[in-house]
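As a plain string of letters, each chain reads:
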Amino acid sequence: MSLTELISLALAAILAENFVLVKFLGICPFLGVSKKTDTAIGMGLAVVFVMGLSSMVTWLVNEFLLLPLGLEYMQTVAFILVIAALVQFVELFLKRFVPALYTALGIYLPLITTNCAVLGAALLNVQNERSFLASTAFGVFSGLGFTLAIVLFASVRERLEYAKFPKCFQGFPQALITAGLIAMAFLGFSGLQVVW
Amino acid sequence: MAELKNKTAQTEATAEVKPARKSDPRIKEIILNGLIFQNPILVLFLGMCSTLAVSTSLTNALGMGLSTTIVLICSNVVISLLRKAIPKEVRIACYVVIIAGFVTIVELCLKAFLPALSESLGIFIPLIVVNCIILGRAEAFASKETPGYAALDGLSMGLGFTAALSIMGFIRELLGAGSILGHEILPVKATLIAAPCGGFLVLGTLVAVVQYFRAKPPKAKKAEPVEAAPVEAAVKGGDEA
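Keep in mind that what you see is a predicted model, and the values were worked out from it rather than measured.

(A) Looking closely at the overall build of chain A. The helix and strand inventory of chain A stands at nine helices and zero strands. Listing the helices and strands of chain A from first to last along the sequence gives α-α-α-α-α-α-α-α-α. The C-alpha radius of gyration computed for chain A amounts to 18 Å, which stays within 12% of the reference 16 Å derived for 196 residues, consistent with globular compactness. Along the first, second and third principal axes, the C-alpha set of chain A runs to 60 × 45 × 30 Å. Across the 196 residues that make up chain A, the buried fraction comes to 50%. Considering only contacts within chain A whose residues lie at least 6 apart along the sequence, 78% involve residues at least 24 apart. For chain A, the exposed surface amounts to about 9300 Å²; the carbon and sulfur share of it is 69%. A distance of 16 Å separates the average location of the 10 positive side-chain charges in chain A from that of its 9 negative side-chain charges.

(B) Broad picture of the overall build of chain B. Looking only at helices and strands, chain B features twelve helices and two strands. The N-to-C order of helical and strand elements in chain B reads α-α-α-α-α-α-α-α-α-β-β-α-α-α. Burial status across chain B gives 47% buried among its 241 residues. Nonlocal contacts in chain B, meaning residues at least 24 apart in sequence, comprise 72% of its contacts between residues at least 6 apart. Only carbon and sulfur atoms are counted for the fraction: they give 66% of the accessible area of chain B, which is about 11500 Å².

(C) Highlighting the interface of chain A and chain B. Counting residues at the interface gives 37 residues for chain A, matched by 33 residues for chain B. Between chain A and chain B, a total of about 3000 Å² is buried, with carbon and sulfur atoms accounting for 86% of that surface. Among the residues chain A hides against chain B, the three largest losses belong to F24, F172 and L176 of chain A. Together they make up 20% of the total. Where chain A touches chain B, the interface holds zero salt bridges. Contributions of two or more residues to the side of chain A that touches chain B are made by α2 (27–32), α4 (75–97), α7 (116–127) and α9 (172–187) of chain A. It is α9 of chain A that provides the largest number of residues to the side of chain A that touches chain B, a total of ten residues. Each residue belonging to the side of chain A that touches chain B can be placed in one class, and the counts come to 27 nonpolar, eight polar and two charged.

(D) Representation of the environment of A100 of chain B within the structure. Among the structural elements, A100 of chain B can be located in helix α6 (residues 91–113). Through-space distance from the C-alpha of A100 of chain B to that of V130 of chain B is 8.7 Å; in sequence the pair is 30 residues apart.

(E) Representation of the confidence of the model for chain A within the structure. Predicted confidence across chain A gives a mean pLDDT of 86, with 95% of residues reaching 70 or more. At the low end of the mean pLDDT range in chain A sits helix α6 (residues 108–112) of chain A, at 73; at the high end sits helix α8 (residues 132–160) of chain A, at 92.

(F) Broad picture of the pattern of salt bridges. Overall, the coordinates contain four salt bridges over all chains when judged by the stated rule. Residues E17 of chain A and K23 of chain A are paired through a salt bridge, measuring 3.6 Å at the closest nitrogen-oxygen approach. Two residues, R91 of chain B and E139 of chain B, come together in a salt bridge whose shortest N-O distance is 2.8 Å. Here R91 of chain B, found in helix α6, pairs with E139 of chain B, found in helix α8 (residues 132–142); they are 48 residues apart in sequence, far enough to count as distant. Given the relative accessible area of 28%, E139 of chain B is considered partly exposed.

(G) The arrangement of the packing of helix α5 (residues 58–81) of chain B against helix α9 (residues 147–177) of chain B in detail. Residues and elements named next belong to chain B. One way to put it is that α5 packs onto α9 with a least axis distance of 8 Å and a crossing angle of 165 degrees. The angle between α5 and α9 places the two elements in the roughly antiparallel class. Viewed along their axes, α5 and α9 form a crossing whose handedness is right-handed. Split into classes, the residues belonging to the contact of α5 with α9 amount to 18 nonpolar, eleven polar and two charged.

(H) Quick look at α7 of chain A. Residue and element names in this part refer to chain A. End to end, α7 covers 16 Å across twelve residues, agreeing with the expected 16 Å (1.5 Å per residue, within 8%). With respect to burial, α7 is a largely interior element, ten of its twelve residues being buried. By the burial criterion, the buried members of α7 are C116, A117, V118, L119, G120, A121, A122, L123, L124 and N125. Looking one or two residues past α7, E129 carries a phi angle of roughly 50 degrees, positive in sign.

(I) Local environment of the side chain of S142 of chain A. Relative to the helices and strands, S142 of chain A is located in helix α8. Aside from chain neighbours lying at most four places away, what touches S142 of chain A is A13, F19 and M51 of chain A.

(J) Inspection of unusual backbone geometry at higher detail. Here the phi dihedral of F24 of chain A falls at roughly 60 degrees; this positive angle occurs in a residue that is not glycine. Its location among the elements puts F24 of chain A in the loop between α1 (3–16) and α2. Within the chain, F45 of chain B stands out as a residue other than glycine whose phi angle is a positive 55 degrees. By the secondary structure assignment, F45 of chain B is in the loop between α3 (25–37) and α4 (48–54). Using a relative accessible area of 23% as the deciding quantity, one classes F45 of chain B as partly exposed.

(K) Examining the environment of I70 of chain B more closely. Within the secondary structure, I70 of chain B is located in helix α5. Note: C-alpha distance between I70 of chain B and R91 of chain B (21 residues apart in sequence) is 21 Å.

(L) Examining the packing of aromatic side chains more closely. One pass over the full model with this rule turns up nine aromatic pairs over all chains. Linked through ring pairs, W59, F64 and F132 of chain A together constitute an aromatic cluster. In this structure, R96 of chain A packs its charged tip against the face of F97 of chain A, placed 5.4 Å from the ring centre. In this structure, R26 of chain B packs its charged tip against the face of Y149 of chain B, placed 4.7 Å from the ring centre.

Calculation criteria
Residues numbered from 1 in each chain as written. Chains lettered and ligands numbered in written order. Predicted model: local features only at pLDDT ≥ 70, side-chain atom pairs only at ≥ 80, totals over all residues. Heavy atoms only, no water. Helix = DSSP H or I, 4+ residues; strand = E, 2+ residues; numbered from the N terminus. Rg over C-alpha atoms; globule rule 2.2 N^0.38 Å. Buried < 20%, exposed > 50% of the residue type's maximum accessible area, 1.4 Å probe, protein only. Contact = heavy atoms within 4.5 Å. Areas by Shrake-Rupley, 256 points an atom, 1.4 Å probe, with all protein chains shown as cover. Lys, Arg positive; Asp, Glu negative; His and termini not counted. Charge placed at Lys NZ, Arg CZ, Asp CG, Glu CD. Buried area = accessible area lost by both parts, 1.4 Å probe. Salt bridge = Lys/Arg side-chain N within 4 Å of Asp/Glu carboxyl O. Nonpolar A, V, L, I, M, F, W, Y, C, P; charged D, E, K, R; others polar. pLDDT = per-residue confidence, 0-100. Axes fitted to C-alpha atoms, helices over the stretch in contact; angles between N-to-C directions. Parallel < 35°, antiparallel > 145°, perpendicular 65-115°, else oblique. Left-handed = near helix turned anticlockwise from the far one by under 90°. Expected span 1.5 Å × (residues − 1). Phe/Tyr/Trp six-rings, centres within 6.5 Å; stacked < 30°, edge-to-face > 60°. Lys NZ or Arg CZ within 6 Å of the ring centre and 35° of its normal.

Written out as structure tokens, the structure is:
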């Protein structure tokens, strides 16, 4: 994979086709854990980590297990199982060997199993027939895109905490409208690509 | 009687459902909960990813809503049947596998019989697996109740999801593409509403409207007529859909 390919993949995954704001993947944690900037950063890092790993593992599972056996239609089941198991293993591993990282990511890890961005990245990799390297890179970059979006969103929300809203807009609608405005800003990146 | 009085004093939510005069009050409770009082999208805020992504047109919204409903009913029934067999420690993994199995069935059926819909919903069909509504109902309802109630809960939650999704789809298709079900109606288009950011804005406004109606009556009168407002709002919404 050449450098230009890598850069264009990164641009697409982080800005032009941001997972959260353009593709609508991973909205639940995006809205759920974005009240404070530091928790948002924690969640973002956990997602980058798991998405990179799961993109690798699901690629291997697909290439060496599902395709040779002609079981492509089992992709959804196989991938979600692999992701669930992977998250569990990562949790155990970190708890045992990197306790500092575990305490930092701790509560976010189990939540990631049901983060549709992780499964979405795996399915998109298969759909676009990416190579092993490209799949891994896509996983990591998409995770970074998620992190960017959630950190931006959390910092805006922190500042909005004391803002006055009409009563019916308080709480969830206010968060949605804020996210909508950020998404509108990201609309400006659409069509962005590297020309070579 | 005393117990009933107590309940009425406590919360409006339980008070509304108690005086049901059907043979089985739980049936009415489950149906109303799914459709209105605990509507998965507008009240519980579950299943946001698919809600925002596929609500660009009414057709997509209906397709997604009904697919989710089918998966929800099937998984609820199976999980309810297996509720005593599944060990507590690995229950989430078991639920996910059961749900993924049904999602695969729905996915293959759509591909075979409705290829156009399957194409436009794309990756969001397999992503029904991680829709929080399904796992949420499995954990909160199906794992504790008998299969009959679980099926009913799946149906009402699924239809509540479909209804809210269809309202979104209707608004976004009408304003964003100027059409309904593919037929052109309006000469003007606000493409921003069909763009990704439109999803957030429309849903935000919709939830605000629901919250407005839910908050209004207690100011005017006392606790009893509260039930009128959400029902009215939802009926209005149903007409639109």
